[in-house]
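Structure assessment
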Amino acid sequence: MKAGDAFNELYNTVARLRAPDGCEWDREQTPLTLRSALIEETYECLEAINENYTEHIAEELGDLFLLATMISYMYEEEGKFSAADALKKVNEKLIRRHPHVFGNVKVKDTAEILNNWAAIKIEQEGRKPKDSVLDEICSALPPAERAFALQKKAAKAGFDWNEVDGVIEKIFEEIKEVKDAINDANSVKTEEELGDLLFSVINLCRFLKVEPSSALQRTNSKFIKRFKYVEKKMKEAGQDMKKENLELMEKLWNEAKR
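Residues numbered from 1 in each chain as written. Predicted model: local features only at pLDDT ≥ 70, side-chain atom pairs only at ≥ 80, totals over all residues. Heavy atoms only, no water.

In this structure, the largest pocket encloses a volume near 520 Å³. In terms of lining, the largest pocket is formed by 15 residues, of which the most central are Trp117, Ala118, Lys121, Glu136 and Lys153. Elements represented by at least two residues in the lining of the largest pocket include exactly helix 7 (110-123) and helix 8 (143-156). Looking at the lining of the largest pocket element by element, the count peaks at 5 residues for helix 7. (1 Å grid on protein atoms, 1.4 Å probe; cavity = no way out; pocket = protein on both sides within 12 Å on 5 of 7 lines; lining within 4 Å. Points joined across faces, edges and corners; volume = space filled by probe spheres on them. Helix = DSSP H or I, 4+ residues; strand = E, 2+ residues; numbered from the N terminus.)

Dropping the structure here:
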């Protein structure tokens, strides 16, 4: 089946669900009620991509297609815009912003492609330049992802470390400031310094071209696997998972690592 035919089938299914004699639950939904689902399905899709499980990726992308179609159809019902309008707009934008593919513009590298992209948004699309390049970063992003995006923007403007050693030294500097805040029993300052430390670690990820979310997700998976091993072995030994048994749990944790 061609992609266009498959989308038409999905669109018709959504229309049927939203019809007066369709599904009561689907009819009750609004763009606002589907916001959390959109976020959840996006993260489930990211998880599938990280796992590189093709069948799961296809399923999760399908869920995202469904939500995009459903939300578009809701606005279509209100006469504001249609799903076709949304698709047409993004297609026109892609063609407009790729003059090196669909036009006669010559580019030498990806940096020039991105510069052209930014210029087209202002010169052809009439978007007002932001007061700061950082204003281009969506404020609704989760904090870690937003920190990563902010740092990338600042680095693109030339505000960046010359060498990785400077980034690492900054992390140790922030660790010392966290310790000082803890010693001073200043909870507000501790939170602030921990934020600086996290920001610095994310900056190291960016400098080394490592996606912080992917790195942390890998560690989460590793922690879960090892912790489950400890739980299993403790249960087999008839021991409870409690602080009094920490020495045994640490022994099993190191065993799990091996």
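Read on, since the account is not over.
A word on helix 9 (residues 164-183). With 20 residues, helix 9 should cover 28 Å at 1.5 Å per step; its first-to-last C-alpha distance of 29 Å lies within 8% of that length. All buried positions along helix 9 are accounted for by Gly166, Val167, Ile171, Glu174, Val178 and Ala181. The arc enclosing the buried residues of helix 9, seen along the axis, measures out at 145°, which places them on a common side. Turned more than 90 degrees from where helix 9 packs its buried face, Glu169, Phe172, Lys176, Lys179 and Asn183 sit exposed. The inward-facing, buried residues of helix 9 abut helix 10 (187-207). (Expected span 1.5 Å × (residues − 1). Buried < 20%, exposed > 50% of the residue type's maximum accessible area, 1.4 Å probe, protein only. Arc of directions from axis to C-beta. Contact = heavy atoms within 4.5 Å.)

What follows concerns the nonpolar core. Counting 8 residues, the largest nonpolar core is built from Val14, Ala15, Leu34, Leu67, Met70, Ile71, Tyr73 and Met74. Elements that contribute at least two residues to this core include exactly helix 1 (3-18) and helix 4 (54-77). Here this core takes 5 residues from helix 4, the largest share from any one element. In contact with valine 14, other than residues within four places in its own chain, are Leu66, Thr69, Met70 and Tyr73. By size, the runner-up hydrophobic cluster in this structure holds 5 residues, among which are Val167, Val178, Leu197 and Leu204. (Core = buried A, V, L, I, M, F, W, Y, C linked by side-chain atoms within 4.5 Å.)

A separate point is helix 11 (residues 212-236). With 25 residues, helix 11 should cover 36 Å at 1.5 Å per step; its first-to-last C-alpha distance of 36 Å lies within 8% of that length. Here helix 11 has its buried residues at Pro212, Arg226, Val230 and Met234. Looking at the buried residues of helix 11, the elements they touch are helix 8, helix 10 and helix 12 (246-257). Downstream of helix 11 by a residue or two, glycine 238 has a phi angle that is positive, lying close to 70°.

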